[in-house]
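# Chains, contacts and geometry: an overview
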Amino acid sequence: MSEININFCPFDGYFLGDEDKCSFCGFDRIFAANKNWGSLTNSPTNKREPWRKLLWIKQDYPDNYVDSTFLEELEKNVNVRAYDYWAVLKESCVISQHISSIVIFIAVFIYLYLDMLSAQNLIISGTVFTIIGYIFWDKSISKTDPSYEYKRWKTAKGAVLFFATLLCLSPILKTLTKDTSSDTIWALTVILFLANMLFHDYGSENRTNIKFPGSLSTNAAIFSSVLLASRLPSNSHVFGLMSFAIEWFALFPIFRRYIKSLSVEFNIALTCLLFMLATVLFLNISKTIVILYILGITFITFVCPFWLIWIQKYKNEIHGPWDEARPKITTY
Amino acid sequence: MRYNIAMVSDFFYPNMGGVESHLYQLSQRLIQRGHKIIIITHSYGNRTGIRYLTNGLKVYYVPHMVIYSEATLPTIYGFFPIFRNIVKREKIDIVHGHQAFSSLCHEAILHSRTMGMKACFTDHSLFGFADASSILTNKLLKFTLSDIDHVICVSHTSKENTVLRAALNPQMVSVIPNAVVASQFKPDPGAQDPNFSKYFNTYIKVTIVVASRLVYRKGMDLLVAAIPRICQMHSKVKFIIGGDGPKRIDLEQMREKYLLHDRVELVGTLMQHEVRNLLTKGHIFLNTSLTEAFCIGIVEAACCGLLVVSTKVGGVPEVLPKHMIIFAKPEEDDLVNAVGRAIEMIRLKEVIPIKFHDEIKEMYSWVNVAERTEKVYDAIWKMRIPPLMERLRRYYGCGLWAGKIFCILIAIDYLIWRFLEWLFPEEDIEIAPAFPYQKYNKMCQMADKDDDD
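Residues numbered from 1 in each chain as written. Chains lettered and ligands numbered in written order. Predicted model: local features only at pLDDT ≥ 70, side-chain atom pairs only at ≥ 80, totals over all residues. Heavy atoms only, no water.

## What to know about the overall build of chain B
A count of helices and strands for chain B gives 17 helices and 16 strands. In terms of overall size, chain B behaves like a compact globule, its C-alpha atoms giving a radius of gyration of 24 Å where 453 residues would be expected to give roughly 22 Å. Based on the C-alpha atoms only, the size of chain B along its principal axes is roughly 80 × 65 × 40 Å. Looking at the 453 residues of chain B, the share that counts as buried comes to 58%. Partitioning the intrachain contacts of chain B with sequence separation of at least 6 by distance along the chain shows that 72% fall at a separation of at least 24. Total accessible area on chain B is roughly 19,700 Å²; 57% of this is exposed by carbon and sulfur atoms. Here chain B contributes 53 positively and 48 negatively charged side chains, and the mean placements of these two sets differ by 3 Å. (Helix = DSSP H or I, 4+ residues; strand = E, 2+ residues; numbered from the N terminus. Rg over C-alpha atoms; globule rule 2.2 N^0.38 Å. Buried < 20%, exposed > 50% of the residue type's maximum accessible area, 1.4 Å probe, protein only. Contact = heavy atoms within 4.5 Å. Areas by Shrake-Rupley, 256 points an atom, 1.4 Å probe, with all protein chains shown as cover. Lys, Arg positive; Asp, Glu negative; His and termini not counted. Charge placed at Lys NZ, Arg CZ, Asp CG, Glu CD.)

And the structure:
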C-alpha cells in the first residue's frame, strides 16, 4: 500500500507539524496514513467502526480494549425469590415435625427401658396406628392410581412377612451389641439421630414414587434403634421397639408428606400434636430437656424464618454466558 | 526486543488436548520470531528430564506427583528450587503460565514474582461461580493473579469470566484467540463415504460428524436425545462420532434401542492427525457443548469446509461468522431444528468447502496469535516490578481470612528464595547455551535446497 503523507487533519484542517496526533480532535496521523482512505472520507463522523464482540474479524482496537458493553450479559440474583415470613414459617413445620418425632421415639425408648410402658401396649398401639395410617394412604392412592387395587394384597403379605422376620430376629438383635458399654451406645445413638435429622429428606413432595427418601437418614435411625434395643430386658421389648422404629422412621414420614399435601391446616395440626406429645412424654423424664426442646422448636419455627429472610439481602449470585448450560431434554 | 520466555503448564505432549497444542504452536511461532522459548511441565511416565522438539524447543519434564487427570499436587514450595534453577540457567525474562487447573503454572507465577521476574497467564477455560469446586479454584486463581503483569484470555466471554473470578482490572486482560494450522485441515471432497451414497441414490446424502470427548460437559445427553429424532426426520442422514468417554455407553444404548447401527458410527479415540480425516468425511459438524471458552473444534471443522451446528454457549458465538455456523439453544427441540436447517442448506448446496477453508485461513493463524502475544510481552516488559511490600498489600486485599493466609504464604516464599540464594548462589548455576535457531534454520534451508537439486 502506498503511504499517504498527511499535512492537515482531515476533520478540522488543523496543521500537523510533527505531532503524531491532532491536538485538536485527537486524529491519529500514523493510523490514518496506513488506513484505507475511502472508508474514512465517506464517514468522517465515524472515526472507527464500533467494537464488536467477535473474534473472527480484525478490529482496530488493542487486545485489552474494554468496551462499554463489557459484562453486559452479567445477571445478578436471577434465581433469588423473596420469601414471605408466614410461608417460610409454614414450611418450617416439616423440620419441627421431624425433630418432634425423634424426641417422641427417644421418650418411648426411655419408657420401655424404665418399664413404664409395656411392650404389648407399644406393639398393639403401633399396629393400630399403622393400620389407620395405611387406610388413609390407601384411600388417597386408589383415587389417583387405579392400578393400586391389585397391590393391596401384596402389601399386606409383605408387611406380615416382614414383621414375622423381625420377630424371629429379635433375639439376635437383642444380643447384637450387648457387649458394648452403655456409654458408647448412648453416644452413638446421639450421633446417629443427629445424622438422621440432618440427612432427612425434608423437601420431597412426591408421595407415590418414593425413591426411599434419604436412605442414609432412615438407615441411621434404624441402626440407632438396633443399638438401643440391646439395652432392653426381653425379646418382646426388642420386637416392640424395632417394629415401632420401622413404623416411625420409615412409614410415618410418608404419612406426614401425605398430610402436608392434603392441607396446610392439617399439617399445622399434626405439628402441634407431635409437639405436645413430645412435651408431655418428656415432662415425666426431664424438665430441662422439655425447656430446651420448647426453646429449640420456637427458634426453628419463629426465629429461623426471620433470619433466613434477613440474610437474603447478602445474597450475591452471578450468572452469565460462561455458566454451564442445563440441557433441556424432552423425550425420555 | 527478544525475550527468553518460559511457558509453564501441567499440560503438554504426550498428553493430548487444546492447551497442549496451543503451547506447542505458540512456542513454535515465537521461536520463528526470534525469541527463546522453553516449556516447563511435569514428567509423564518415564519421560523425565529435558527433551528437544522441532526448532530447538526445549521441554523440561520436571518430576512431580500427579493427582488427577494430569494435574499435579499443589505443594506451593516444593517446585521452587528446581524452578529457580531452570529459570536461572536459561536466563528467563518472562514466565508465561497456562491453564487455571494447573498447579504447576500457579506455583511458577508465584515464585517468578518473588524472584522479581515478569509473569503473565493464559486462561483457557470457563468457570461458574456456584459450586464448591469452582469457588475454591476461583480463590486460588485470585491468589496467583493478584500479582501478575498481564492475563490473556481466549475469548471475550472468557475475559469477562476471568475478570470476575480474579477481580482483575479489565485493562490488564487481553483477548487473543486460539488458531488453527489451516494446512492441516484442508477440505477433501473425495473423502465422503461412497458406500453410503450407493444405497440411497435419490438425492444428496448428508453425513454429520461429531468429534469431542464423550462426557457430560460436552452435552452428550443432548446428542443422545437428538440423534434418533434427526434420523427419523431425515432418512438420508448418517452420523459419525469420534472420541471416547463415559457417555459412550449411552450412545451405544441409544443405537441399540433405535436400531441405528448402520447410521450411527462410533469410531472411538482419535489421534490429532486422524481428526482431519474424520472431519472431511462429513458435511455438517455438530457441537453440543454445555460450556466452552473458545471451542477450537468448530474452527477446525469449518476449516475442513463443514457447516457447523453448535449450541450457543460461552465463547462460541464469537468464533465463526454467521454463514458458517447455525446456533441452537442447549435444548433438544432447538438442536433438532437447527440440524434440520443445516441439512437443508447442504441439500441446496449453499456451502462451498474450499471457500470456508480460505476464509478461516485468514481469520485464525498462529502467526497472528504470536504477534499479538509478543505485544503483550512488550507491554509487560515496560512494567515496573513491585517491591515486596506492594505485593503483600495486593495479596492482603484478597479477603478477610484468605488475605492474611496469602500474605503468610508469600512471606515464606520470599524467605525460601533468600535461603536458596544463599544455599545455591546464582554464580554457581551453569548457564545453558541457547539453541542456535538462526544457524539451524539456515542449515535446514540448505538441506532442503540440496534435496530439491
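Here the narrative resumes.
## Section: the side chain of Arg256(A)
All names here are of chain A. Within the secondary structure, Arg256 is located in helix α9 (residues 235–262). For the buried Arg256, which has no salt bridge, the nearest side chain bearing the opposite charge is Asp201, at an N-O separation of 10 Å. Within the structure, the side chain of Arg256 is placed 3.4 Å from the side chain of Gln97, a separation counted as a polar contact. Beyond its immediate sequence surroundings of up to four residues, Arg256 is in contact with Gln97, His98, Ser101, His200, Leu270 and Leu274. (Salt bridge = Lys/Arg side-chain N within 4 Å of Asp/Glu carboxyl O. Polar contact = N/O pair within 3.5 Å; in protein donor to acceptor, adjacent residues only side chain to side chain.)

## Re the UniProt feature "domain: Glycosyl transferase family" (unreviewed entry) in chain B
UniProt feature "domain: Glycosyl transferase family" (unreviewed entry): in the numbering of this structure it lies at residues 207–344 of chain B. The straight-line gap between the two end C-alpha atoms of residues 207–344 of chain B is 13 Å; of that span, 41% is helix and 21% is strand. (UniProt positions renumbered as here; feature names shortened; annotations may be inferred.)

## Digging into the confidence of the model for chain B
All names here are of chain B. Chain-level pLDDT for chain B is 90 on average; 97% of the residues reach the 70-or-more range. Within chain B, no element has a lower average pLDDT than helix α6 (residues 194–199), which sits at 50, and none a higher one than strand β1 (residues 4–8), at 96. pLDDT under 50 marks residues 197–202. Its contacts with residues more than four places away, or in other chains, come to five contacts. (pLDDT = per-residue confidence, 0-100.)

## Points about the UniProt feature "transmembrane region" (unreviewed entry) in chain A
Those residues carrying the UniProt feature "transmembrane region" (unreviewed entry) are residues 93–113, 119–137, 158–173, 185–202, 214–232, 238–255, 267–285 and 291–311 of chain A in this numbering. The span residues 267–285 of chain A shows a helical share of 89% and a strand share of 0%, and its end C-alpha atoms are spaced 27 Å apart.

## Considerations on the sheet that holds strand β15 (residues 307–311) of chain B
Residues and elements named next belong to chain B. The strand order across the open sheet formed by six strands is β13-β12-β11-β14-β15-β16, and the pairing between neighbours is parallel. Two strands bound the open sheet, and with one partner strand each, they are β13 (264–268) and β16 (325–328). For this sheet the average axis-to-axis angle between neighbouring strands, irrespective of direction, equals 20°. With four bridges joining them, strand β12 (residues 237–242) and β13 adopt parallel strand pairing. Looking at the pairing, Ile240 lines up with Glu265 of β13. In the packing of helix α7 (residues 220–233) onto the sheet, the strands contacted are β11 (206–211), β12, β13, β14 (284–287) and β15, and the crossing angle to β12 comes to about 160°. (Pairing = 2+ DSSP bridges. Axes fitted to C-alpha atoms, helices over the stretch in contact; angles between N-to-C directions.)

## Some points on a nonpolar patch on the surface
On the surface, Tyr83(A), Phe299(A), Phe302(A), Val303(A), Phe306(A), Trp307(A), Leu308(A), Trp310(A), Ile311(A) and Tyr314(A) cluster together into a nonpolar patch covering about 1,000 Å² of accessible area. On the accessibility criterion, Trp310(A) (43% relative accessible area) is partly exposed. (Patch = residues over 30% accessible without salt bridge, like charges linked within 9 Å, V, L, I, M, F, W, Y side chains within 5 Å.)

## Looking at the pairing of strand β8 (residues 118–123) of chain B
Along any regular strand the residues' side chains alternate between the sheet's two faces. Residue and element names in this part refer to chain B. Among the six residues of β8, six are classified as buried, and the element is accordingly described as predominantly covered. Here β8 shows no split at all, with Lys118, Cys120 and Thr122 on one side and Ala119, Phe121 and Asp123 on the other all buried. As judged from the five bridges shared by strand β7 (residues 94–98) and β8, these two strands associate in the parallel manner. Considered in β8, the bridge of His96 is made with Cys120. Of the crossover connections in this fold, the one passing from β7 over helix α3 (residues 103–114) to the parallel β8 is right-handed. The pairing of β8 with strand β9 (residues 150–153) spans four bridges and is parallel. Residue pairing in the sheet places Thr122 in a bridge with Ile152 of β9. (Right-handed = clockwise from strand over helix to strand, strands pointing away.)

## Thoughts on helix α6 (residues 151–176) of chain A
Residue and element names in this part refer to chain A. Between its terminal C-alpha atoms α6 stretches 35 Å, which fits the 38 Å expected from 26 residues at 1.5 Å a residue. The largest bend in α6 amounts to roughly 50° and is located at Leu169, with the proline Pro171 lying one to four residues further along. Considered for burial, the residues of α6 that qualify are Leu166, Ser170, Leu173 and Lys174. Among the structural elements, α8 (215–229) and α9 are those in contact with the buried residues of α6. (Expected span 1.5 Å × (residues − 1). Bend = angle between axes of the 7 residues up to and from the residue.)

## Structural notes on the UniProt feature "domain: PIGA GPI anchor biosynthesis" (unreviewed entry) in chain B
This chain's UniProt record puts "domain: PIGA GPI anchor biosynthesis" (unreviewed entry) on residues 42–131 of chain B. Measuring from the first to the last C-alpha atom of residues 42–131 of chain B gives 28 Å, for a span that is 24% helix and 31% strand.

## A few points about the domain arrangement of chain B
Residues and elements named next belong to chain B. Here the domain parsing of chain B yields domain 1 (4–179 + 366–445) and domain 2 (182–363). Between the C-alpha centres of domain 1 and domain 2 the distance comes to 35 Å. Interface area for domain 1 against domain 2, summed over the two sides, is near 890 Å², with a carbon-plus-sulfur share of 61%. Where domain 1 packs against domain 2, one counts zero salt bridges. Counting every contact that joins domain 1 to domain 2 gives four residue pairs in polar contact (both at pLDDT 80 or more). (Domains from an automatic or database assignment. Buried area = accessible area lost by both parts, 1.4 Å probe.)

## Quick notes on the side chain of Ser217(A)
Within the fold, Ser217(A) resides in helix α8. Residues within four places of Ser217(A) in sequence aside, it is in contact with Asn196(A), Phe199(A) and His200(A).

## Quick notes on the pattern of salt bridges
Residues and elements named next belong to chain B. Applying the stated criterion across every chain, the model contains 28 salt bridges over all chains. Notably, a salt bridge pairs Arg394 with Asp147, separated by 2.7 Å at the nearest N-O pair. Of this pair, Arg394 sits in helix α15 (residues 388–396) while Asp147 sits in the loop between α4 (132–145) and β9, and the two are 247 residues apart along the sequence. A relative accessible area of 27% places Arg394 in the partly exposed class. Its relative accessible area of 0% is what places Asp147 among the buried residues.

## Focus: the environment of Ile241(B)
Residues and elements named next belong to chain B. Position of Ile241 among the secondary structure elements: in strand β12. Sequence-wise, Ile241 and Glu374 are 133 residues apart; in three dimensions their C-alpha atoms are separated by 38 Å. Setting aside anything within four residues of it in sequence, one finds Ile241 in contact with Val210, Leu214, Leu223, Ile227, Leu251, Val264, Glu265, Leu266, Val267 and Gly268.

## A look at the packing of helix α10 (residues 264–283) of chain A against helix α11 (residues 287–311) of chain A
Residue and element names in this part refer to chain A. Two elements in contact, α10 and α11, have axes whose closest approach is 8 Å; the angle formed by their N-to-C orientations is 160°. When the axis of α10 is compared with that of α11, the two are roughly antiparallel. For the pair α10 and α11, the crossing hand works out as right-handed. Taken together, the residues of α11 that come into contact with α10 (itself represented by Leu274, Phe275, Ala278, Thr279, Phe282 and Leu283) are Lys287, Ile289, Val290, Tyr293, Ile294 and Ile297. When the residues that make up the contact of α10 with α11 are grouped by side-chain class, the tally is ten nonpolar, one polar and one charged. (Parallel < 35°, antiparallel > 145°, perpendicular 65-115°, else oblique. Left-handed = near helix turned anticlockwise from the far one by under 90°. Nonpolar A, V, L, I, M, F, W, Y, C, P; charged D, E, K, R; others polar.)

## Re the packing of aromatic side chains
Describing an aromatic ring pair means giving the distance of the ring centres and the angle of the ring planes. Here the structure, examined in full by the defined rule, presents 34 aromatic pairs over all chains. Between Trp51(A) and Tyr65(A), the ring centres sit 6.0 Å apart and the planes meet at 50°, which makes this aromatic pair tilted. Remark: Tyr65(A) occurs in the loop between α2 (37–42) and β1 (75–76) and Trp51(A) occurs in the loop between α2 and β1; sequence separation between them is 14 residues. The exposure class of Trp51(A) is buried, given its relative accessible area of 15%. When the centroid spacing of 6.3 Å and the interplanar angle of 20° are considered together, the rings of Phe252(A) and Phe255(A) count as stacked. Separated by three residues within a single helix, Phe252(A) and Phe255(A) lie in helix α9, roughly one turn from each other. Through a chain of ring-to-ring contacts, the aromatic side chains of Phe105(A), Phe136(A), Phe193(A), Phe244(A), Trp248(A), Phe249(A), Phe252(A), Phe255(A) and Tyr258(A) assemble into a single cluster. Residue placement shows Lys312(B) over the ring face of Phe327(B); its charged tip is 5.1 Å from the ring centre. We note Arg418(B) situated over the ring of Trp417(B); from NZ or CZ to the ring centre the distance is 4.8 Å. (Phe/Tyr/Trp six-rings, centres within 6.5 Å; stacked < 30°, edge-to-face > 60°. Lys NZ or Arg CZ within 6 Å of the ring centre and 35° of its normal.)

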